Amino acid sequence: MAIPILILLFFIAANIAALAALLYNKRRSRTDYRRSLAIRRALSDAVFLGKTVDLGPLIKRHPRISLRLWRDLGGALALSPEEAEPVREAFFQAGLQKRLLGALRSPFPGSRYTAARSLKPLVSQDTLPNLCAALVGEKYEYIKLALTLDVLSSGQDEAFDAVAAALSSSSISFFRSVQGMLSLAPAAFVPWAERRSGMEDPGTKLVILSGARSYPEPWLKDYVAAHLAHDDPRVQSCAIATAEELYPEILADLAFAPDADIVSRRASVRSFVKISFPLNLHSLAVFFEDPLVKDVAVASLAEYISRYPEEAERVLEFLHCLDDPVERSAFSQALAGRLPFLLISSADPERCRPVAEDCIELGLNAGLIALLNTRWDPSIQKLLLDWVRPFTVSNPHFRSDCARFLNEELRTELEIAPSEVPKSSRKIPLTKLDRAALTGLLAAVLILPAALISAELSTATIGKIGILVREYVKLFTFGFGFYAAALNCLYLVLILLAGRNLRGQGRYWSLLDKEYLFAPGVLPSISILAPAYNEEKTVVQSVHSLLTLEYPDYQVIVINDGSKDDTIGVLVREFDLERIDPPLHGTIPTAPIRGVYRSRYNRRLLVIDKENGGKADALNTGINLSDREYICSIDSDSLIEPDALLRMAAQVITTDAEIIAVGGNILPVNGCTVERGMLQQISLSGNRIARFQTIEYLRSFIAGRLGWAQLNGLLIISGAFGLFRRSRVMEIGGYMTGRGEFQRDTVGEDMELVVRLVRRMRDTGRKYGIRYAATANCWTEVPEDIRSLYKQRDRWHRGLVEIITWHRRMIGNPRYGIAGLISLPYFVIFELIGPFYEFAGYPLMVLGFVTGALHPQVFIIMFSAVLLFGLLISMISLVLSERDIVYFKPRELRILIMHSVMENFGFRQLMGWVRVFAFVGMLVKNKGWQKLERKGFTVRAA
Amino acid sequence: MSSIPELIGRQNGRLKGVFAPEELSAALAETGIAFGEDLLPVSGFTDPRATLDAYLDGLMRAKGPLWPALIQGEVVTALAAAGMPIPALYRDTDEELSRALDGQVALGLRLRRENLELQQSMIEALDEQIKDPVTGFYNEEFFKEYLEAGVPQRSAAGKVEDTVLFIRLDDIQRLNQRFGAEAGDGALKGLGHILLNNKRENGVFFRMGGPLFSCYMSGCGKDAAYEYAKHLQQRVAESNEFIQNINISAAIVDLAEMDPAHLARDLVYAGVMKVAKERIAILNKLGPGSICRDSEISLRRSSGTVLLIEENAFEAELMRRLLERGGFEAHGVANGGQAVPAADLHRPDVIVSEMYVSQMDGFQIRQRLLESQDLKHIPFVLVSRGKDPVAVDKAFALGIRHFFKKPVMPAELLGTIAALIKDAASERR
């Protein structure tokens with residue numbers, strides 16, 4: 001009896017210890033707060049009153065915090081050297097810089113990075129040589145970047161020299177970042193550049209050419225011009241970029257030079273159009289014959305027309321004078337976006353006919369069909385129909401597009417039969433073969449233990465069915481106990497990893513002050529993609545809140561996915577949208593776009609209006625439009641904390657590995673106060689089901705995702721808030737849709753994307769990282785009644801089954817690393833098959849105890865292993881999640897702890913059963929996507 | 001004309017607004033008349049005239065000459081209207097009273113000599129005039145007369161040991177904002193109730209303008225007043241009469257600390273109020289629930305008020321110190337939700353805001369301010385790290401002309417604020 005009791009006591013003690021840790025955390029954060037308060041006061045006293053008596057001892061006792069706060073102070077106030085001197089002196093007296101300079105030579109990159117970031121406020125004549133040496137010798141580029149900013153802040157010659165040396169051997173992305181940083185080069189740049197203008201090494205040239213962007217000088221112009229045809233491609237592209245921005249005229253001259261290379265020709269065509277008014281159309285037409293620059297010429301012309309709309313008429317006239325069909329179609333392409341304007345702006349719409357016809361020839365059907373679908377003046381409508389009628393016969397592609405997207409009325413008029421392809425093309429996700437395989441797997445898994453047990457017992461107990469059942473129950477519950485213990489042990493390991501991950505994230509985040517993050521060139525640019533479907537009531541608030549995010553370089557792309565209500569109308573009115581014809585950067589097939597708009601109210605906002613195609617399709621459209629480094633997919637009804645993007649992107653810039661995806665932390669918004677689309681107060685929901693989910697989310701994000709991320713085996717990034725590298729997403733053809741190369745839809749498009757990304761990266765043998773930002777919070781609504789919760793979980797599980805079936809080749813395949821060897825097998829064992837054991841396990845355990853089949857000792861062990869262990873995991877998750885940021889008040893914390901006990905009696909079992917039913921349901925029939933019913937946020941009475 | 005018991009009852013009703021219930025019943029017990037629940041005399045002397053005389057005598061003995069004098073006007077008028085003789089107290093002390101309290105009493109005496117009907121309505125009007133409609137306390141007008149009547153006389157008699165305690169309901173702006181204007185009145189009424197229930201014998205309450213009450217405490221020094229203020233704060237904190245937790249803060253002005261020359265009749269009110277205003281302004285800095293008993297943290301001459309909207313606590317503190325060093329009075333809020341109410345409360349000369357603040361960002365705050373007729377003219381300065389072409393565009397669209405990138409140069413920020421305040425001043429002129 002002693003052992004089971006010991007086990008029980010052990011788990012109870014562990015739970016109590018976790019509770020104590022939770023309380024200790026609160027206390028510790030209070031002491032930390034008081035300490036930083038004292039240092040803050042001492043620092044501001046020193047700055048404002050020149051009183052440094054208190055500061056010295058504080059710096060000695062808490063050097064790290066003091067330095068961090070001093071850095072923050074420097075980020076808020078630009079102090080004169082005299083004001084800053086006493087404090088700087090105090091830090092020097094504490095000997096801090098010596099220790100940090102030593103750390104710069106540490107073999108551990110983490111320590112070097114810490115030192116590089118910490119030394120920023122201590123840059124001086126004495127420390128500069130060491131920093132420069134470290135910059136030149138550093139291997140990792142994210143550390144080099146931190147050092148570059150450090151040395152540049154000194155504005156000394158040797159700093160520029162060191163940056164030049166670092167640039168000589170570096171990747172293109174590092175060069176881009178440095179280019180950004182040099183746009184704020186100190187004034188000392190010009191004399192330095194003049195002295196170094198004769199140097200031949202590419203690094204120096206790159207620094208001069210980048211810095212020249214912010215210092216227009218006659219001799220720098222000549223310098224740029226001289227390097228436009230440089231042999232080193234990096235130097236050349238840098239010169240071209242600077243010239244295009246500052247001196248387009250010297251590039252424009254190159255446009256007609258026949259022997260110029262392709263890069264400079266493309267840039268020079270752009271520059272030529274940029275500086276000309278009125279544009280010489282005859283000269284431009286020449287470019288249309290060269291396939292290498294044709295696209296640039298067309299895009300430049302389209303931009304020219306949207307800049308000077310009055311010129312559209314002249315371009316159209318010119319088009320009529322052309323004979324060459326290639327040139328004509330190019331002009332038509334540039335005019336396509338202006339077609340509606342041209343149609344109504346004059347009494348003679350007939351003149352637009354060639355443009356419309358060329359559009360069809362070029363395959364620009366979407367715009368034309370959208371134009372037809374708009375309610376026009378009947379005479380224009382008729383005219384348009386007459387123009388396109390011949391093509392419905394001659395052009396099968398146009399015909400099929402009409403069949404799918406044209407209004408019914410017009411379609412009948414053109415005598416086109418409706419297409420059989422449904423608009424939202426959810427095809428059969430699993431083939432019959434897939435389903436048969438899954439059934440086989442399930443049968444094997446379920447029958448195998450029974451068969452084994454039966455085989456063992458058969459000889460002894462033939463005929464005694466009672467004993468057989470009894471033994472069966474006993475063995476099964478043992479098996480179940482081992483299963484639960486194994487699962488919880490795995491969780492425990494993951495939690496330990498998560499703790500490590502969290503500590504690292506906390507440390508890096510404290511190293512990244514806002515001034516650094518906002519320095520140009522440090523953070524990657526981001527497009528936020530917000531699909532919206534029938535959200536006219538909430539979309540304005542959501543977009544307003546997205547436009548207030550704290551991030552230096554981002555844009556918001558709202559994608560109206562063919563809403564049936566007036567979503568696009570409210571957006572147009574609220575944000576003063578104007579139609580633009582932007583170049584699309586991607587080629588993922590999507591439902592046709594009706595129009596792209598930019599807001600005059602806030603240039604960060606773009607809106608795409610498109611035909612309905614589902615969430616994944618909408619996201620793909622956004623990916624096509626975006627030209628930023630990363631895309632961030634969000635649900636348009638979830639709330640993102642203002643600094644969440646910064647915290648996510650911090651994951652990208654604190655490593656040299658290519659980060660292809662970063663997940664955000666999802667928390668239930670139920671119960672919180674939300675006003676004007678912004679979170680006002682965090683509180684726990686009063687609804688029991690929402691509270692259970694709060695615990696569940698905390699646990700799965702801490703114990704699940706953070707741990708997996710530490711192993712680089714994270715495969716689930718929620719579609720509600722995830723950051724992805726755009727080039728990689730493009731490479732794999734975007735989200736899976738019925739239109740893409742895969743010809744099928746999934747309900748788990750977010751996870752599917754990650755799995756496919758991993759697969760591609762591994763297949764092509766590239767290194768990658770998938771991270772999870774534990775403090776980048778996104779608040780989303782969770783279901784508050786069992787029915788919607790059931791539907792949601794059913795959908796999630798079906799998504800999981802689909803993905804695992806499609807990517808089954810990856811399971812257990814060492815080629816796919818951790819993802820193949822650990823993550824996916826984990827999903828198969830514990831998420832696909834496990835629920836079946838749980839389905840039977842819990843009832844049998846109770847049954848066994850009640851009927852006496854299970855010895856009380858065994859029951860106690862099992863109880864500890866299953867329930868108390870599970871509780872422990874929840875508690876530790878709570879401890880970790882409350883470590884740095886306090887979300888919940890003590891009373892709410894008590895409620896949460898209570899619920900984490902209660903959820904073991906019913907809720908968790910229920911969630912397991914949903915999976916069983918979902919799995920079985922999938923084998924029987926395929927279901928469509930079911931939209932979660934949403935309640936809308938609690939709006940506090942004004 | 002009503003009977004004498006009714007007249008007494010009515011006077012008791014008036015006094016109820018000034019005295020605490022126990023205090024009133026103690027005072028009434030002195031009169032030797034028994035009173036019922038509704039403060040109407042139930043038994044007394046056989047002759048109603050004797051009852052009235054005893055009543056007035058009792059009040060005089062218990063509370064000094066002020067209170068009989070306070071009700072004198074109405075009593076005299078009523079009696080005169082009924083053709084009854086003037087009570088002995090008023091006959092005998094006419095002269096003494098008028099010397100002591102010439103403001104109030106002289107008015108009553110003068111009135112007696114004039115047309116009775118007119119007197120009647122005028123007295124009622126007077127009562128209206130000196131009573132605050134919300135709390136039923138005597139108002140600031142009467143407070144002024146009270147000071148002017150009482151203090152110079154005491155000062156002449158020797159050293160004045162009286163103290164005036166100012167009590168302010170801190171959160172009224174927020175209450176009104178959240179629950180509507182009645183909530184503020186309700187809270188004031190509730191506070192009035194608590195004050196009365198905790199009234200000391202030597203104290204008289206007045207309702208000043210806005211969320212401010214005053215208490216004249218005779219024969220009481222600063223320390224005692226401080227203790228009393230603490231006591232009141234605690235009572236308010238314990239009470240559950242309010243729609244949400246409220247705070248009161250207190251400013252104490254000891255008459256003994258004032259220059260005796262300033263205790264003259266025409267100077268005393270202005271003098272007390274000057275010191276009081278200074279200390280109330282300090283309360284704003286000390287935050288809700290504070291007590292200011294002296295102006296040691298004396299206010300420097302402020303060259304303007306600045307509202308600072310900044311979420312980061314450290315940066316807010318730095319900015320505040322910077323502004324104060326520049327000679328400005330700075331009020332800070334930490335999120336967008338509080339910004340507009342704070343602007344409404346403090347009416348700053350300039351608003352300095354970060355772009356990134358929670359609940360409402362800098363631009364949304366600006367938009368809200370533009371919607372308000374009173375607040376849209378306050379110059380708005382943005383200070384943010386996120387200054388980029390897009391943000392600057394938006395700022396200009398909202399009429400924000402000054403946008404600084406952090407780290408901000410102190411001299412630049414202070415100079416801009418000073419210039420903005422100067423421009424506004426010259427515009428007004």
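The structure reproduced in this document is the subject of the present report. This one's a predicted model, so the numbers in the text were calculated from it and none came from an experiment.

## Concerning the sheet that holds strand E12 (residues 380–384) of chain B
Residues and elements named next belong to chain B.
- Reading across from one edge, E10-E9-E11-E12-E13 is the order of the five strands in this open sheet, with parallel pairing throughout. In this open sheet, the two edge strands, each paired with only one partner strand, are strand E10 (329–333) and strand E13 (402–405). When strand polarity is set aside, the average angle formed by the axes of neighbouring strands in this sheet is 20°.
- The sheet contact formed by strand E11 (residues 350–354) and E12 spans four bridges and is parallel. Paired with Ile-351 across the strands is Phe-380, a residue of E12.
- Of the strands in this sheet, strand E9 (305–309), E10 and E11 touch helix H14 (residues 336–346), which is tilted by about 170° from E9.

## A look at helix H6 (residues 109–118) of chain A
Residues and elements named next belong to chain A.
- The buried count for H6 comes to eight of 10 residues, which makes it a mostly enclosed element.
- When H6 is considered as a whole, its buried residues turn out to be Gly-110, Arg-112, Tyr-113, Thr-114, Ala-115, Ala-116, Arg-117 and Ser-118.
- Where the residues of H6 are buried, they touch helix H3 (63–76), helix H5 (96–103), helix H8 (141–152), helix H28 (465–511), helix H29 (514–517) and helix H33 (644–653).

## Overview of the pattern of salt bridges
Residue and element names in this part refer to chain A.
- The tally for this structure, following the rule as stated, stands at 57 salt bridges over all chains.
- Residue Asp-157 pairs with Arg-195 through a salt bridge whose shortest N-O separation is 2.3 Å. In this pair, Asp-157 sits in helix H9 (residues 157–168) while Arg-195 sits in helix H11 (residues 189–196), placing the two residues 38 residues apart along the sequence.
- As a salt-bridge pair, Glu-313 and Arg-351 come within 2.8 Å of each other at their nearest N and O atoms. With a gap of 38 residues between them, Glu-313 in helix H19 (residues 312–320) and Arg-351 in the loop between helix H21 (339–345) and helix H22 (353–362) connect regions that are remote in the sequence.
- Here Arg-351 falls in the buried class, since its relative accessible area comes to 10%.
- Shared partners join several salt bridges into a network, and the residues in it are Glu-658, Arg-725, Arg-728, Glu-731, Arg-760 and Arg-766.

## Concerning the interface of chain B and chain A
- Between chain B and chain A, the residue contacts involve 33 residues of the former and 35 residues of the latter.
- On the surface where chain B and chain A come into contact, there are five salt bridges.
- For the salt bridge of Arg-321 of chain B with Asp-45 of chain A, the shortest nitrogen-to-oxygen distance reads 2.7 Å.
- Joining chain B to chain A, the criterion identifies 10 residue pairs in polar contact (both at pLDDT 80 or more).
- Broken down by secondary-structure element, the contributors of at least two residues to the side of chain B that touches chain A are helix H9 (172–179), helix H13 (313–325), helix H15 (362–371) and helix H16 (389–397) of chain B.
- Ranked by residues supplied to the side of chain B that touches chain A, first place goes to H13 of chain B with nine residues.
- Tallied by class, residues from the side of chain B that touches chain A come to 15 nonpolar, six polar and 12 charged.

## Things to note about the pairing of E10 of chain B
Residue and element names in this part refer to chain B.
- When you tally the buried positions in E10, you get four out of five residues, the bulk of the element.
- Sheet topology places E9 next to E10; five bridges connect them, and they run parallel. The residue of E10 that forms the bridge with Leu-307 is His-331.

## A look at the environment of Lys-767 of chain A
Residue and element names in this part refer to chain A.
- Mapped onto the elements, Lys-767 comes out in the loop between helix H36 (749–763) and strand E12 (769–780).
- For the pair formed by Lys-767 and Ile-660, sequence separation is 107 residues and the distance between their alpha carbons is 9.8 Å.
- Sequence-distant contacts of Lys-767, defined by excluding residues within four places in its chain, comprise Glu-658 and Met-761.

## Concerning the sheet that holds strand E3 (residues 577–580) of chain A
Residues and elements named next belong to chain A.
- The sheet built from 10 strands is open, its strands ordered E3-E4-E5-E2-E1-E6-E11-E8-E12-E7 with mixed pairing. The open sheet terminates on both sides in strands that have one partner only, identified here as E3 and strand E7 (639–640).
- Sheet topology places strand E8 (residues 659–668) next to strand E11 (residues 721–725); three bridges connect them, and they run antiparallel. Within the sheet, the bridge partner assigned to Ala-661 lies in E11 and is Phe-724.

## Points about the packing of helix H7 (residues 128–137) of chain A against H9 of chain A
All names here are of chain A.
- Their axes nearest at 8 Å, the elements H7 and H9 cross at an angle of 10°. In terms of orientation, H7 lies roughly parallel with respect to H9. Residues Leu-128, Pro-129, Cys-132, Leu-135 and Val-136 of H7 form the contact with H9, whose own contacting residues are Glu-158, Ala-159, Ala-162, Val-163, Ala-165 and Ala-166.
- Along the lines of polarity and charge, the residues of the contact of H7 with H9 split into 10 nonpolar, no polar and one charged.

## A closer look at the packing of helix H10 (residues 172–182) of chain A against helix H12 (residues 202–211) of chain A
All names here are of chain A.
- H12 packs onto H10 with a crossing angle of 45° between their chain directions and a minimal axis gap of 8 Å. With respect to each other, H10 and H12 are oriented oblique. The hand of the H10/H12 crossing is right-handed. Between H10, through Phe-175, Gln-179 and Leu-182, and H12, the contact on the second element is made entirely by Leu-206, Val-207, Ser-210 and Gly-211.
- Here the residues of the contact of H10 with H12 are counted per class, giving four nonpolar, three polar and no charged.

Reading the values: rules and limits
- Residues numbered from 1 in each chain as written.
- Chains lettered and ligands numbered in written order.
- Predicted model: local features only at pLDDT ≥ 70, side-chain atom pairs only at ≥ 80, totals over all residues.
- Heavy atoms only, no water.
- Pairing = 2+ DSSP bridges.
- Helix = DSSP H or I, 4+ residues; strand = E, 2+ residues; numbered from the N terminus.
- Axes fitted to C-alpha atoms, helices over the stretch in contact; angles between N-to-C directions.
- Contact = heavy atoms within 4.5 Å.
- Buried < 20%, exposed > 50% of the residue type's maximum accessible area, 1.4 Å probe, protein only.
- Salt bridge = Lys/Arg side-chain N within 4 Å of Asp/Glu carboxyl O.
- Polar contact = N/O pair within 3.5 Å; in protein donor to acceptor, adjacent residues only side chain to side chain.
- Nonpolar A, V, L, I, M, F, W, Y, C, P; charged D, E, K, R; others polar.
- Parallel < 35°, antiparallel > 145°, perpendicular 65-115°, else oblique.
- Left-handed = near helix turned anticlockwise from the far one by under 90°.

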